[in-house]
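Reading the structure
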Amino acid sequence: GESVGLHLPTLSVQEGDNSIINCAYSNSASDYFIWYKQESGKGPQFIIDIRSNMDKRQGQRVTVLLNKTVKHLSLQIAATQPGDSAVYFCAEDIGGFKTIFGAGTRLFVKA
Amino acid sequence: DTGVSQDPRHKITKRGQNVTFRCDPISEHNRLYWYRQTLGQGPEFLTYFQNEAQLEKSRLLSDRFSAERPKGSFSTLEIQRTEQGDSAMYLCASSSGILAFFGQGTRLTVV
């Protein structure tokens, strides 16, 4: 079945450095991808999204890159801050307005 | 607060008891979703409503689970004869398009 997975379960970065979180997806028909941030005890919070007709999209301190050839998605966080510490999920819309999540990457930001 | 609201935030119940959770979506969002999340995993899709119609149910949703959205606004998720394996975070999300916005979840512990 369809699946969204992540390469690294845990990422530790120094405050101020850039973070890169990677994700692989398996459904080549997916045309919409989302990154969510989830803090402990809270629901997932939308960060940024991208459609399959784009390769890159930028937000405030965050950039999402999409490589459809290898079915790979990445989230780049610039100047990582302690408040960025959380679990990050990539998710894909597989049609029918159903979003499928990967297992997540926990980001630790060291002060 | 105009976000997705879930009640209760926490529920501890004895095995075999029935529990019911409530979700109030963002106003005017016609789609409502239920997800289940266990520790260290991403949210897993359970079911989805468009207005009052339940359009899809995951195979994860056993016969002990039932969800309703009687008036196309709030929704309830009931679990009958709870089992320890039902212990998880139950997340509700709503959308008016593709992007889903999540509530804070209800954490269920079955003892």
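Points about the overall build of chain A
- Across its full length, chain A carries zero helices and 11 strands.
- Reading the helices (α) and strands (β) of chain A from amino to carboxyl end gives β-β-β-β-β-β-β-β-β-β-β.
- On C-alpha atoms alone, chain A measures out to a radius of gyration of 13 Å, which is about the 13 Å that the 2.2 N^0.38 rule sets for 111 residues.
- Once the C-alpha set of chain A is aligned to its principal axes, its extents read approximately 40 × 30 × 20 Å.
- Classification of the 111 residues of chain A by burial places 44% in the buried group.
- The contacts of chain A with a sequence gap of at least 6 include a subset with a gap of at least 24, amounting to 52%.
- Just so you have it, chain A exposes about 5,300 Å², and 47% of that area is on carbon and sulfur atoms.
- For chain A, the separation between the mean place of its 11 positive charges and that of its 10 negative charges on side chains is 1 Å.

What to know about the interface of chain A and chain B
- Each partner contributes residues to the interface: chain A has 19 residues there, and chain B has 21 residues.
- Overall, the association of chain A and chain B removes approximately 1,700 Å² of surface from exposure, summing both partners, and the carbon and sulfur fraction of that is 59%.
- For the chain A face of the interface with chain B, the top three residues by lost area are Phe97, Lys98 and Phe101 of chain A, together amounting to 33%.
- Linking chain A to chain B there are five residue pairs in polar contact (both at pLDDT 80 or more).
- The greatest single-element share of the side of chain A that touches chain B, amounting to four residues, is contributed by strand 4 (residues 32-38) of chain A.

Considering the side chain of Gln37 of chain B
- Mapped onto the elements of the fold, Gln37 of chain B is located in strand 4 (residues 31-37).
- Taking relative accessible area as the criterion, Gln37 of chain B reaches 8% and is therefore assigned buried.
- A distance of 2.8 Å separates polar atoms of two side chains, one belonging to Gln37 of chain B and the other to Gln38 of chain A.
- When near neighbours in sequence (up to four residues on either side) are disregarded, Gln37 of chain B contacts Gln38 and Phe89 of chain A together with Gly42, Pro43, Ala88, Met89 and Leu91 of chain B.

Some points on the confidence of the model for chain A
- Per-residue confidence for chain A gives a mean pLDDT of 89; residues scoring 70 or more make up 92%.
- For chain A, strand 1 (residues 4-6) of chain A is the element with the lowest average pLDDT, namely 49, and strand 6 (residues 56-58) of chain A is the one with the highest, namely 98.

Thresholds applied
Residues numbered from 1 in each chain as written. Chains lettered and ligands numbered in written order. Predicted model: local features only at pLDDT ≥ 70, side-chain atom pairs only at ≥ 80, totals over all residues. Heavy atoms only, no water. Helix = DSSP H or I, 4+ residues; strand = E, 2+ residues; numbered from the N terminus. Rg over C-alpha atoms; globule rule 2.2 N^0.38 Å. Buried < 20%, exposed > 50% of the residue type's maximum accessible area, 1.4 Å probe, protein only. Contact = heavy atoms within 4.5 Å. Areas by Shrake-Rupley, 256 points an atom, 1.4 Å probe, with all protein chains shown as cover. Lys, Arg positive; Asp, Glu negative; His and termini not counted. Charge placed at Lys NZ, Arg CZ, Asp CG, Glu CD. Buried area = accessible area lost by both parts, 1.4 Å probe. Polar contact = N/O pair within 3.5 Å; in protein donor to acceptor, adjacent residues only side chain to side chain. pLDDT = per-residue confidence, 0-100.

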